[in-house]
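Coordinate inspection notes
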Amino acid sequence: MSQSFLQYAQQKSKQEEQKRVFPGQCPFCSMQCKMQLIEQHVEGRTRYQTIGVHNPTTHGRLCMKGQHAHQHALHKDRLNHPLIKRNGQFVKATWQEALEEIKTNIESLQLSHGHDVISVYGSASITNEEAYLLGKFARVALKTKYIDYNGRLCMSSAATAANQTFGLDRGLTFPLSDIKHARVLILVGTNIAECQPTFLPYIEEAKNNGAFLIVIDPRKTPTAQLADLHVSLKPGSDAALANGILHIMLHEHLIDESFIHQRTSGFQKLKEHISRISLPDIAEQTGVTIDVMQKIARKFAQEKTGMIFTARGIEQQIDGTASVRNFLNILLVTGKIGRFGCGYGAITGQGNGQGAREHGQKADQLPGYRDISNPAHRKEMAERWNIDEKELPGKGVSAFEMFEKMQAGEIKALFLMCSNPVQSGPNAHLIQQAIKNLSFFVAVDLFMSETAALADVILPTSSYLEDEGTVTNVEGRVTLREATYPLKHQRKHDWQIICEIAAVLGKGSHFSFSSAEEIFEELRAVTKGAKADYSGITYERLRKEQGIRWPCTHLEDSGTERLFEHAFSHSDSLAKFAVVTHEKKAAKEPVSQEYPLYLTTGRVMAHYQTGVQTRRSTSLVARQFEAYAELHPDTAKTYGLQHGELVTIKSKRGSVIIRCRISDTIRKDTVFVPFHWSKHQSINLLIDDQLDPHSKMPGFKYCPVQLSAYVNEKLCEKF
Ligand SMILES: Nc1nc2c(c(=O)[nH]1)N[C@H]1C(S)=C(S)[C@@H](COP(=O)(O)OP(=O)(O)OC[C@H]3O[C@@H](n4cnc5c(=O)[nH]c(N)nc54)[C@H](O)[C@@H]3O)O[C@H]1N2
Ligand SMILES: Nc1nc2c(c(=O)[nH]1)N[C@H]1C(S)=C(S)[C@@H](COP(=O)(O)OP(=O)(O)OC[C@H]3O[C@@H](n4cnc5c(=O)[nH]c(N)nc54)[C@H](O)[C@@H]3O)O[C@H]1N2
Ligand code: SF4
Ligand SMILES: [Mo]
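Keep in mind the model is a prediction, meaning the values are calculated, not measured.

**Considering the overall build of the protein chain**
- Across its full length, the protein chain carries 25 helices and 28 strands.
- Over its C-alpha atoms the protein chain spans a radius of gyration of 26 Å, differing by no more than 12% from the 27 Å that the globule rule assigns to 719 residues.
- Buried residues in the protein chain amount to 61% of all 719 residues.
- At a minimum sequence separation of 6, the contacts of the protein chain that also span at least 24 residues come to 74%.
- Computed over 85 positive and 78 negative side-chain charges, the separation of the two mean positions in the protein chain equals 2 Å.

Here it is, written out as structure tokens:
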């Protein structure tokens, strides 16, 4: 007995010896759960396991995506060395060859066509250091005005709305720990249970304290299932619904007059506008009864505290900015912002959805939320970058508009870092054609994505396990992602790749960084005095304090938990009401006899974005291996469709073939399809490319379609 115990103990200690632990932070959503990868050699085999690590945001929780993230990071499909396309085939190249190829092509194109011939497309899945550096690379090394990023398709409507209403855009205006103190929560177009699973306990805590939960979503999602009131509105009708709620609030005098008087401007105009609204019209447009609107208005106004959260359901609309602003109007008329237990939460999406939108990847923006068209901001940044202000390019165009310019031949080259627009952009046919039209295209990725496959040069990069840097999470908390897993093969970090290309283009002196921390030191310095001020944050502090919420203006500053307690960020300190005319919706492609159903798109718990990463994880694929079309049983009956059958879904732009999932969790006039799958399941082949005029967001959540049972004609011919 004692001998076998000894043997056991010896074996155990040997295993422990062979065990290595790597710190990390999940590469997926905006919760940025802290984790550890445990690598263990047992009986000749290496086993991997990811476990959660305690931290102030998620307290050690992980969802299924985080638990299996290492499966894609360690996957055999990872790119190991640069690739150059020769005669239509990718061939293995050295870094020197790849850099030479890039230099020659960029220099000759810019010589013939000017600096703006090249565009840069970035991402909110890279670190703050890399997002900052990419913006600097476009402006200082390439000297092009054309830079934008995938966050344009993600957070731009919420960001624009918050800027217009409050004068500042930070995802949550309060710490997550305040949520439990709110008496009523309104969630608009956000499926937290599947998209930020480790956020959900904060909502549950509020509910346990007696909070009333209202979820506004055309589907009864796992989030909506927790609601005290689920409002299943027609897709695309959020702006109208908010007008209905405002109408009742004003009519029944459910408003906070002293807050409106002291802290806002523009109320009179809103009041006049709302007085002209007809509630029966709103009920017709939204599919929500006046009774339900009354319930929301009364509950939200009468409770002492309340919060409103929005995400892509309301935001990814061609009136997304106006719709969000109309929900912010509700916060303002009831005085539920700037005090404890109240506020606005734009649920950020990608891991660095917050930070990556602050530091210069946007077409109109310089680091720290500076404005590229503001002469004072330009002067400041030119000085800090040690360039002449005249050399600093002006404002470019948004993500999708860059593809339009590629198609038109005006932009002839693209440097793409960490995105897969062929699958994630609207009107995917056009994006594909635009990319094929390029003279030169460089993609930096972990894998041969659908978009990278079209590149002339692919550069292999490091994953979350290997790449250290800071990431700003959903509550505006800047966190340090430690990463010590060895960088294998010929892979390089995104920031190293940027620096090396800058060097071959003769701009090395502006990009002479040898670590992420060195870049962060520059980012701190240049954001001093800007709206998104990181100047008080250091790696050392982040390690010690486990994250700091910006603005943080000096080393003794503990950061900012709650925004707008005393003043909003507009120069007059007031928040601005917006008049939102929901009739503008007429600009949207209408449902018609030919295209009678609304298509809306989104996510499932097991997969992430275009699926390039999660479709390579066996555990996640096992949970969901293909796309599906969620349909109401009555709709399925109308079209003669059975659960599990294939259906063709067609819009004016294209069609896809997808398996039906029949469920009464969705409206009868609506079909839902997740966007994680490619080829004939790529739902963006159907989505229109009309953009919100303020944020330039496409309408991913609204598209008139028709359905028909899929018939395989080739197969039919055989019988
Ligand atoms: N599992 C998973 N988690 C993720 C991601 C992922 O890909 N997979 N991606 C991350 C990213 S980048 C983002 S941006 C977030 C997205 O997070 P969410 O915005 O929560 O996710 P979506 O599924 O895109 O859309 C949310 C909901 O909007 C609803 N909706 C559709 N149309 C309308 C409408 O007209 N009005 C209203 N009110 N609601 C509507 C949909 O039914 C859906 O349930 O998730 C992040 N987390
Ligand atoms: N129909 C529809 N379309 C949508 C949406 C929707 O709800 N419906 N949502 C939109 C939203 S919110 C978003 S955020 C976009 C997302 O759209 P994309 O940005 O296109 O999606 P990802 O799949 O995250 O693409 C990231 C790519 O970068 C690679 N990658 C991962 N990590 C790294 C890294 O560290 N460095 C580099 N260089 N590469 C890396 C991955 O392998 C992958 O190929 O899609 C948008 N498109
Ligand atoms: S996907 Fe989001 S919630 Fe899930 S483990 Fe990763 S960061 Fe956490
Ligand atoms: Mo996103």
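**Remarks on helix α5 (residues 128-142)**
- Across its 15 residues, α5 extends 20 Å between first and last C-alpha, which sits within 8% of the 21 Å expected from 1.5 Å per residue.
- If you look at α5, its biggest bend is around 30°, right at K136.
- One or two steps after α5, the chain reaches K143, where phi turns positive at roughly 55°.

**Concerning the pattern of salt bridges**
- Using the criterion set out here, one finds 39 salt bridges in the structure.
- Where D169 meets R357, a salt bridge forms, and the shortest distance between an N and an O atom there is 2.6 Å. With D169 in the loop between α6 (156-166) and β8 (184-188) and R357 in the loop between β13 (343-346) and β14 (365-366), the pair connects residues that are 188 residues apart, well separated along the chain.
- Taking relative accessible area as the criterion, D169 reaches 2% and is therefore assigned buried.
- The partner of E380 in a salt bridge is R370, with the nearest N and O atoms 2.7 Å apart. Of this pair, E380 sits in helix α16 (residues 375-384) while R370 sits in strand β15 (residues 370-371), and the two are 10 residues apart along the sequence.

**Focus: the UniProt feature "domain: 4Fe-4S Mo/W bis-MGD-type" (unreviewed entry) in the protein chain**
- UniProt feature "domain: 4Fe-4S Mo/W bis-MGD-type" (unreviewed entry): in the numbering of this structure it lies at residues 19-77.
- Secondary structure content for residues 19-77 is 15% helix and 41% strand, and the end C-alpha separation is 25 Å.

**Remarks on the packing of helix α17 (residues 399-407) against helix α19 (residues 428-436)**
- At a closest axis distance of 8 Å, the pairing of α17 and α19 adopts a crossing angle of 50°. The angle between α17 and α19 places the two elements in the oblique class. Like other packed secondary-structure pairs, α17 and α19 cross with a definite hand, here left-handed. From α17, F400, F403, E404, M406 and Q407 reach across to α19, where they touch L430, I431, Q433, A434 and I435.
- Partitioning the contact of α17 with α19 into residue classes produces seven nonpolar, two polar and one charged.

**A look at the sheet that holds β13**
- In spatial order, the strands read β10-β9-β8-β12-β13; together these five strands make up an open sheet with parallel pairing. Edge positions in the open sheet fall to β10 (229-231) and β13, since each of these has one partner strand only. Neighbour to neighbour, the strand axes of the sheet diverge by 15° on average, direction disregarded.
- Bridging between strand β9 (residues 212-216) and β10 involves three bridges; their strand directions are parallel. Its bridge partner being in β10, I216 is matched across the sheet by V231.

**Re the nonpolar core**
- If you look at the biggest cluster of nonpolar residues, it comprises 123 residues, and the most contacted ones within it are F137, F166, M249, F327, V333 and L459.
- When residues of this core are assigned to their parent elements, the largest contribution, nine residues, is made by α5.
- Two domains each put at least three residues into this core: domain 2 (83-153 + 352-514) and domain 3 (156-347).
- Dropping the residues within four chain positions of it, L459 is found in contact with P82, W95, A98, I102, V442, A443, V444, D445, I497 and I501.

**Topic: the site of ligand 2**
- Surrounding ligand 2, one finds 31 residues, the nearest of these being N150, N420, S424, D445 and T610.
- Separating an oxygen atom of ligand 2 from a side-chain N or O atom of S424 is a distance of 2.7 Å.
- Note that a nitrogen atom of ligand 2 is positioned 2.9 Å from one of the side-chain N or O atoms of T601.
- For ligand 2, whose unbound accessible area comes to 920 Å², protein coverage reaches 98%.
- Residue classes in the shell around ligand 2 are distributed as 13 nonpolar, 14 polar and four charged.
- No fewer than three residues from each of domain 2 (83-153 + 352-514) and domain 4 (597-717) sit in the shell around ligand 2.

**What to know about empty space enclosed by the protein**
- Scanning all chains against the criterion turns up seven cavities of 30 Å³ or more.
- Taken as a whole, the largest cavity encloses approximately 730 Å³ of empty space.
- Lining the largest cavity are 45 residues, and of these S125, Q350, C418, Y608 and Q613 sit closest to its centre.
- Tallied by class, the residues present in the lining of the largest cavity amount to 16 nonpolar, 22 polar and seven charged.
- Estimates place the volume of the second largest cavity at around 520 Å³.
- Lining the second largest cavity are 39 residues, and of these G189, C195, R312, R603 and K701 sit closest to its centre.
- When residues of the lining of the second largest cavity are traced back to their parent elements, those giving at least two are α7 (192-195), α14 (312-315) and β23 (597-602).
- Residue composition of the lining of the second largest cavity, by class: 14 nonpolar, 16 polar and nine charged.
- Looking at the lining of the second largest cavity, you find at least three residues from each of domain 3 (156-347) and domain 4 (597-717).

**Examining the packing of aromatic side chains**
- Considering all chains together, one arrives at 19 aromatic pairs under this definition.
- Consider the rings of F166 and F564, whose centres lie 5.0 Å apart with planes at 40°: the pair is tilted. In this pair, F166 sits in helix α6 while F564 sits in the loop between β21 (548-549) and β22 (575-576), placing the two residues 398 residues apart along the sequence.
- F166 gets classed as buried once you look at its relative accessible area, which sits at 1%.
- Accessibility expressed as a relative area gives 5% for F564, which makes it buried.
- One aromatic cluster is present, built from ring pairs that chain together F166, Y344, F564 and F568.
- Taking NZ or CZ as reference, R661 lies 3.6 Å from the ring centre of Y628, over its face.

Parameters and conventions
Residues numbered from 1 in each chain as written. Chains lettered and ligands numbered in written order. Predicted model: local features only at pLDDT ≥ 70, side-chain atom pairs only at ≥ 80, totals over all residues. Heavy atoms only, no water. Helix = DSSP H or I, 4+ residues; strand = E, 2+ residues; numbered from the N terminus. Rg over C-alpha atoms; globule rule 2.2 N^0.38 Å. Buried < 20%, exposed > 50% of the residue type's maximum accessible area, 1.4 Å probe, protein only. Contact = heavy atoms within 4.5 Å. Lys, Arg positive; Asp, Glu negative; His and termini not counted. Charge placed at Lys NZ, Arg CZ, Asp CG, Glu CD. Expected span 1.5 Å × (residues − 1). Bend = angle between axes of the 7 residues up to and from the residue. Salt bridge = Lys/Arg side-chain N within 4 Å of Asp/Glu carboxyl O. UniProt positions renumbered as here; feature names shortened; annotations may be inferred. Axes fitted to C-alpha atoms, helices over the stretch in contact; angles between N-to-C directions. Parallel < 35°, antiparallel > 145°, perpendicular 65-115°, else oblique. Left-handed = near helix turned anticlockwise from the far one by under 90°. Nonpolar A, V, L, I, M, F, W, Y, C, P; charged D, E, K, R; others polar. Pairing = 2+ DSSP bridges. Core = buried A, V, L, I, M, F, W, Y, C linked by side-chain atoms within 4.5 Å. Domains from an automatic or database assignment. Near = heavy atom within 4 Å. Polar contact = N/O pair within 3.5 Å; in protein donor to acceptor, adjacent residues only side chain to side chain. Areas by Shrake-Rupley, 256 points an atom, 1.4 Å probe, with all protein chains shown as cover. 1 Å grid on protein atoms, 1.4 Å probe; cavity = no way out; pocket = protein on both sides within 12 Å on 5 of 7 lines; lining within 4 Å. Points joined across faces, edges and corners; volume = space filled by probe spheres on them. Phe/Tyr/Trp six-rings, centres within 6.5 Å; stacked < 30°, edge-to-face > 60°. Lys NZ or Arg CZ within 6 Å of the ring centre and 35° of its normal.

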